Amino acid sequence: MKTSKWITLSAIALLFSSCVPRQQQGGKIVVVPPYTHPQPHTQQFPQTYNPDLSHLYTLRSDYIAGDYQNNPKLIALVDKMVNTHGFDRNYLYGVFSQVNREPKALELIGAFKNTKARNGVISKTSNNGSWETYYANHAGAKRVEKGVQFWRENAQYLNKAAVVYGVAPEYILGIIGVETNFGGFTGTYPVLNVLTSIGLEHQTRSKYFMEELEAYLLMTKEQQFNPTILKGSYAGAFGYAQFMPSSFRAYGVDFDNNGRIDLFTPADAIGSIANYFKHNKWSEQVPVTIPAYYSGDRFTSLDTGFDTKYSQDYLKSMGIIPTMNFYGYTGKVLLIKLTRLNNDELWMGAPNFYVITRYNHVDYYAMAVHQLAQEIRNAYFSSMTR
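Keep in mind that what you see is a predicted model, and the values were worked out from it rather than measured. Every chain's residues receive numbers from 1 upward, in the order its sequence appears when written. Totals for whole chains, interfaces and linings use all residues, but because this is a predicted model, local features are given only for residues with pLDDT of at least 70 and pairs of side-chain atoms are given and counted only at 80 or more. Note: side-chain values were computed over all heavy atoms of the structure, leaving out hydrogens and water.

Draft legend 1. Main features of the packing of helix 3 (residues 72–85) against helix 11 (residues 206–223). Here the axes come from fitting lines to C-alpha atoms, over the contacting stretch only for helices, and the angles between their N-to-C directions go from 0 to 180 degrees. Every helix listed is a DSSP run of H or I at least four residues long, and every strand listed is a run of E at least two residues long, numbered separately from the N terminus. Here helix 3 crosses helix 11 at 45°, and the two axes come no closer than 12 Å. Here helix 3 is positioned oblique relative to helix 11, judged by the angle of their axes. Classified by chirality, the crossing of helix 11 by helix 3 is right-handed. The residues of helix 11 that touch helix 3, namely those facing Lys 73, Leu 74, Leu 77, Lys 80, Met 81 and His 85, are Ser 206, Met 210, Leu 213, Glu 214, Leu 217, Leu 218 and Lys 221. Three categories are distinguished: nonpolar for Ala, Val, Leu, Ile, Met, Phe, Trp, Tyr, Cys and Pro, charged for Asp, Glu, Lys and Arg, and polar for the others, with Gly belonging to the last. For the contact of helix 3 with helix 11, the residue count by class is seven nonpolar, two polar and four charged. Orientation categories follow fixed angle ranges, with anything under 35 degrees roughly parallel, anything over 145 roughly antiparallel, 65 to 115 roughly perpendicular, and all other angles oblique. In this scheme, a crossing is called left-handed if the near helix is turned counterclockwise away from the far one by less than a right angle; it is called right-handed if the turn is clockwise. Contact between two residues is taken to exist if any of their heavy atoms lie within 4.5 Å; hydrogens are not considered.

Draft legend 2. Spatial organisation of the packing of helix 6 (residues 131–138) against helix 16 (residues 363–384). Between helix 6 and helix 16, the shortest axis-to-axis distance is 10 Å and the interhelical angle comes to 60°. Judged by the inter-axis angle, helix 6 sits oblique to helix 16. For the pair helix 6 and helix 16, the sense of crossing is right-handed. Residues Trp 131, Tyr 134 and Tyr 135 of helix 6 lie in contact with helix 16, whose contacting residues are Tyr 364, Tyr 365, Met 367, Ala 368, Gln 371, Leu 372 and Glu 375. A class-by-class count of the residues in the contact of helix 6 with helix 16 yields eight nonpolar, one polar and one charged.

Draft legend 3. The sheet that holds strand 7 (residues 344–349), seen in detail. Here, strands pair whenever DSSP counts at least two bridges between them. Spatially, 4-6-7-3-5 is the arrangement adopted by the five strands of the open sheet, whose pairing is antiparallel. The two strands at the open ends of the sheet, each matched to only one other strand, are strand 4 (305–310) and strand 5 (321–322). Inspection of the sheet shows strand 4 paired to strand 6 (residues 333–339) by two bridges, in the antiparallel sense. Bridging across to strand 6, Gly 305 finds its partner in Leu 335. Where helix 16 meets the sheet, it contacts strand 3 (289–293), strand 4, strand 6 and strand 7, and its direction lies at approximately 90° from that of strand 6.

Draft legend 4. Representation of helix 4 (residues 89–97) in the model. In terms of residue burial, helix 4 counts as a mostly covered element, since seven of its nine residues are buried. Using a 1.4 Å probe on the protein chains alone, a residue whose accessible area is under 20% of its type maximum counts as buried, one over 50% counts as exposed, and one in between counts as partly exposed. Residues Tyr 91, Leu 92, Tyr 93, Gly 94, Val 95, Phe 96 and Ser 97 constitute the buried set of helix 4. Each polar contact in these results corresponds to two N or O atoms within 3.5 Å; when the atoms are within protein, one needs to be able to donate a hydrogen and the other to accept it, and residues that are neighboring in sequence are counted only if both atoms are side-chain atoms. Here helix 4 starts with a cap whose side-chain oxygen sits 3.1 Å from the backbone nitrogen of Asn 90, and that cap is Asp 88.

Draft legend 5. Region of the structure containing the nonpolar core. Remark: nonpolar core denotes a set of buried residues (Ala, Val, Leu, Ile, Met, Phe, Trp, Tyr, Cys) joined through side-chain atoms within 4.5 Å. Phe 96, Ile 172, Ile 270, Phe 277, Ile 356, Tyr 359 and Tyr 365 are the most contacted members of the largest nonpolar core, which totals 102 residues. The element that contributes the greatest number of residues to this core is helix 16, accounting for eleven residues. Not counting residues up to four positions away in its chain, the partners in contact with Tyr 359 are Ile 175, Glu 179, Ala 241, Gln 242, Phe 243, Ile 273, Tyr 276, Phe 277 and Tyr 365.

Draft legend 6. Just the pattern of salt bridges, in detail. Definition used for salt bridges: Asp or Glu carboxyl oxygen within 4 Å of a side-chain nitrogen of Lys or Arg. Taken as a whole and assessed by the stated rule, the structure comprises eleven salt bridges. We note a salt bridge from Glu 201 to Arg 101, for which the minimum N-O separation is 2.6 Å. With a gap of 100 residues between them, Glu 201 in helix 10 (residues 191–201) and Arg 101 in the loop between helix 4 and helix 5 (103–108) connect regions that are remote in the sequence. According to the relative accessible area criterion, Arg 101 is partly exposed, its value standing at 34%.

The structure is reproduced here in structure tokens:
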């Protein structure tokens, strides 16, 4: 028994020689409103990583079979993983032999000339459709209710994130609410299938997805789980936080200190989102956005969007007036337009609004996160005074 155990541990050590570095946690202490006593989170999620290492011995082959049999591009990736990262070649051949092509994901991501990516996926897209429709699809009253409950259940970790990273709890909740409806839908596509299919077949974004596939293989090595089991979105994002593999490796944190980083658990998702925001220059001293007044129903006078930048004095000279004090912020702002059914609505965005768009490069997305965050905050503190 002792010899067998030693051989098994040696094999694991050889195949998994690296690990995810522990993130450095720092940041200034912030004043946070009092929270209700946190309740233990007892729900078990089927996607939680299972460190069963039997796949190391069963997923082996002498060549790549299946839908991408001996694909030259895939073989080149295997060569890189073997020569640069120390993977076992026959293990990777076996892994990629399990891949099934994902035609629906390829369609949704806009992989072909006659298809267009669904709004809001990874790359910058226009804000198609009315704001009312977008917000109803991504936020709304039911998500506010779920957000309040999620806050109550995970207050200790939201409080910790505010202290460590300086990110207000409601904005972390806004991300989780818009992305997955608080874990209600984290995706059904096998991540390995999606990243391989898009990486090999997308006509313009192949490089990006092949890099994400490389990051995914490294992630499964570092976290010690079978790469064929994880499920996520049609773009390869996964967990409560809907991180891509490269984001997981760069920003994922073990926030509950259990020795693993698992974005299918609220604690690690909360810490990882806050860490992502902090690394993208979120500032607790800066607001997010406020509505602005202008004369008329439709606005076409100036460029709008998260990549614009105007002085507040210039916008005022153009008849665009903030409807409230901008919490003391006097710096340059983004000019954001929400196209409603009957009129256009203008908002001024501070740098923190831009930070939210680093998560998804779409104005409507960032505004949905902001407005959902504010509604959850108001509902949460209102419930505490009843």
